[in-house]
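A closer look at the structure
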Amino acid sequence: MKVTAMDIYKLLPKTNCEDCGEASCMAFATKLSEKETDLKLCTPLDPEGMEKLEKILAPAVREVTIGKGDKQVIIGGDEVLYRYELTYYNPTALVIDVHDELEESELEERIKIIENTEFERTGELLTLDAIAVRNKSGDRQKFIKTVSRLKNSVYPLILCTMDPDNMKAALEVVGDERPLIYAATENNLEEMAKLALDYQCPVALFVPGDLEKMKQLSHSLRSQGIKDIVLDPGTFVGDGIGDTLDNFVMIRRLAVEEKDEDFRFPIMGIPALMRLGSKEDSVTKGIKEATVAATMLNKYADMLIFNGTDIWELIPVLTLRQGLFTDPRKPQAVDAGLYEFGDVSEDSPVVLTTNFALTYYTVEGDLKSGKANTYLLVLDTEGRAVDVSLAGGQLNGKSVADLIKETDIENKVNHKKMIIPGLAAPVSGEIEDDSGWEVAVGPRDSSAVPDYLLEKL
Amino acid sequence: MDKMTQLLKLLENTKSIEINDFRMDFDELELQLMPAVQQVVQQAVQTRKAASEVLPMEDFKPPIQDYPGKVAEVQLGKGSRKPVYLGGQQALYRFEEAQPNAPVVTFDVFDIPMPGLPRPIREHFSDVMDHPGEWAKKAVKEFGANMVTIHLIGTGPKVMDKSPREAANDIEEVLQAVDVPLVIGASGDPVKDPLVLEKAAEAAQGERCLLASANLDLDYQKVAQAAVNNDHAVLSWSITDVNMQKTLNRYLLKEGLTQNDIVMDPTTCALGYGIEFSIDIMTRTRLAALKGDTDLQMPMSSGTTNAWGSREAWMKKEEWGPTDYRGPIWEIFTGLTMMLNGVDIFMMLHPTSVKLLREIGGTFVKDYMTTDLPDISDWITQLEG
């Protein structure tokens, strides 16, 4: 469970030196308990105290950094099994696979697609996080060549080969950038462990379908002083997806509830494996790869490697990740009130929506891209969407009438006509009765609002 | 001792130093190291310790928990229907105890042609949309539906204002056409829905359908009575609120329904449109059931079709790729997410989404590690593409 500020304070030097930027040790302790500052800022703390505090502040799942500087992604860090209990930390890293048998032009094209993949949603730009370079050929020179090209990519790297010599050769090229070593297995554990230590890189432990063995090997890595481990318990698809899920859930439960040190690490899945030996058409493969990804995203994957790069496959994955990692403690609402778009005058139309952040940003995006000139009344529905607030009773005649008064909109326009969302049609009469305004039921989706305004007015 | 003083002086301005070929001879020496030296020494010792320490290790034990509660099992379909069973779980996950019943999908069918349905769905059903019976038959025969939901949308006062009697006729048509259990949905009009459901329930007496729905905004007593009198189950619908769900369930239990006659719909918000709220509610509801809260021990339902309302599912936009693929994925993601958080029955529209959801759901009834797993140890060299 989460440590309290008092637990932390007891272990701090209590000098109130302010070196950390806080006014007192107690203030620093409070920020530490909220994960809002860094323990390393405490300069008077002795190593022993540092170690103790690091231990009690450590999240149930270790945070592992892949890459360095502006080219890094942090995975892990979770404290709970269910997001409603707190929040999930560090969104699942989405990684695309490239391999060393691609023609140069294919490789360039693929890198371009990966780096340019983005999707904007509710004011947030969603992108990918890393590139996995796969030693498909088994050939050392080919691997080095591909890895060297990717050294210039904007994303951190996962180096994929089971051959320790090839791994070492690749680390000679990019080892100073903290790539993830994929993977240590029961066959190469000693060699890969040595490389992880020599190059100070995180290492993935790949033990498909055998948690007992995974525990032993993880323990062995830890005993050698390796701290940054990522667990790959194997991604089995088709009928095997149930076992994949079970393994993911068991690892996370052991980490969070049993504090089993051998499992307190981020978990990775490889939806790309759905394509292994598959004879299906490329669209079916894409849909299935996304489906496997959604399964693992829901149940604790901290990193996922894809082969497909089609935007229609990645948009749902990016969207699900955004939802899962939204902090449930923060209200999903914008300020209620009156908003203006474009050039407004007393002739401008008045449109109604709710203050659910997603609803608001969707409407805002549509009004802006449609270059609409309009007033937008944003109703406080306690952060609920139109249909939900309609059912929940926040969106009703009286609440809209009150909003009209509060915003003084009657003195800003020379009419009393309002356009309400299509989904709010059931309360159109009620709004007319309570406010004395004339209500027109607008489109169900706000993308149609700008055209609607042009046509009707 | 001169050297020692020099060394300490040096250390004042550095954090660490390396000493080569250093030797000291003495009989008795009292060392008073300055803090910086102490720190360096301690750190070195600690690093050494960590590297050589034999860490304690316990045996691997699967994290299986005991649950005092159990999810009730609800039977749908009786009389001339092939029965389907929902719920019955005594554990959260398969590795603890496999689910007794696999998740079930019920295909949406409407009593009117529904020109507003997205094209990827219309193209599968456009030839049968004039007749709900034919539509239901196609869903069962061609797409293997376990169940069919007949939405009596046409009874809506602002739609076609069909009478409850006409609605009952549509139910009879569908009952004749297929032998799977039915979910009977109304139009969403709080005044008329209970009247429509009452007549529909009578028309389907003894067939054990699921009446959708009872909620706090309408005469839920009438809906509950229609179920009790004609041997049906009731869908208890709340709006992403565990307490509202508890209250409504309690009211329904008072009307004479039992846990085995109720399925809950805690509301499915679509992917990208608040799905995380639904995740939290479903999770909390199922955990409460297994902990023993008798007001929440019913199976759960998801109106997965909501996914098609998301613009990412239907809106034409070149930079997002074809809607033919986006739509089904949106529905799968929405349903799958609900399934992974405990939902037992899914109302869905697209054949591809239904197929993929059922493939994954089908594994929930098998025991841990009883499937033949392929050898993936060489995936790095074997994966094409």
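Structure report, in brief. (Residues numbered from 1 in each chain as written. Chains lettered and ligands numbered in written order. Predicted model: local features only at pLDDT ≥ 70, side-chain atom pairs only at ≥ 80, totals over all residues. Heavy atoms only, no water.)

A few points about the interface of chain A and chain B
With 83 residues of chain A at the contact, the number on the chain B side is 77 residues. Taken together, the two surfaces of chain A and chain B that pack against each other cover about 7,200 Å², and 68% of this comes from carbon and sulfur. For the chain A face of the interface with chain B, the top three residues by lost area are Met250(A), Arg253(A) and Trp312(A), together amounting to 9%. Here chain A is connected to chain B by 10 salt bridges. The partner of Arg94(B) in a salt bridge is Asp246(A), and the shortest N-O contact between them spans 2.9 Å. On inspection of chain A and its partner chain B, the count reaches 24 residue pairs in polar contact (both at pLDDT 80 or more). Residue assignment for the side of chain A that touches chain B shows that the elements contributing at least two residues are helix 3 (47-57), strand 4 (118-121), helix 8 (211-223), helix 9 (241-256), helix 10 (282-298), helix 11 (311-324), helix 12 (357-369) and helix 13 (386-392) of chain A. Taken together, the residues of the side of chain A that touches chain B sort by class into 38 nonpolar, 25 polar and 20 charged. (Contact = heavy atoms within 4.5 Å. Buried area = accessible area lost by both parts, 1.4 Å probe. Salt bridge = Lys/Arg side-chain N within 4 Å of Asp/Glu carboxyl O. Polar contact = N/O pair within 3.5 Å; in protein donor to acceptor, adjacent residues only side chain to side chain. Helix = DSSP H or I, 4+ residues; strand = E, 2+ residues; numbered from the N terminus. Nonpolar A, V, L, I, M, F, W, Y, C, P; charged D, E, K, R; others polar.)

Some words on the pairing of strand 9 (residues 203-206) of chain A
All names here are of chain A. Across the two faces of strand 9 the burial is the same, with Val203 and Leu205 and Ala204 and Phe206 all buried. As judged from the 3 bridges shared by strand 8 (residues 180-184) and strand 9, these two strands associate in the parallel manner. Paired with Ala184 across the bridge in strand 9 is Leu205. As a crossover connection, the stretch from strand 8 through helix 7 (residues 189-199) into strand 9 is right-handed. Of the strand pairs in this sheet, strand 9 and strand 10 (residues 229-232) are connected by 4 bridges, and their pairing is parallel. Following the sheet pairing, Ala204 is matched in strand 10 by Val230. Following the backbone out of strand 9, through helix 8 and into the adjacent parallel strand 10, one traces a crossover that is right-handed. (Buried < 20%, exposed > 50% of the residue type's maximum accessible area, 1.4 Å probe, protein only. Pairing = 2+ DSSP bridges. Right-handed = clockwise from strand over helix to strand, strands pointing away.)

Re the sheet that holds strand 16 (residues 417-420) of chain A
Residue and element names in this part refer to chain A. As summarised here, the arrangement of the 5 strands in space is 13-15-14-16-17, forming an open sheet in which the pairing is mixed. Edge positions in the sheet fall to strand 13 (337-341) and strand 17 (438-441), since each has one partner strand and no second. Across the sheet, the axes of successive neighbouring strands diverge by a mean angle of 30°, strand direction being ignored. Looking at chain direction, strand 16 and strand 17 are connected through 4 bridges and run parallel. The residue bridging Met418 from the neighbouring strand is Val439, located in strand 17. Lying over the sheet, helix 14 (residues 397-407) contacts strand 13, strand 14 (350-354), strand 15 (374-379) and strand 16, oriented at roughly 125° with respect to strand 15. (Axes fitted to C-alpha atoms, helices over the stretch in contact; angles between N-to-C directions.)

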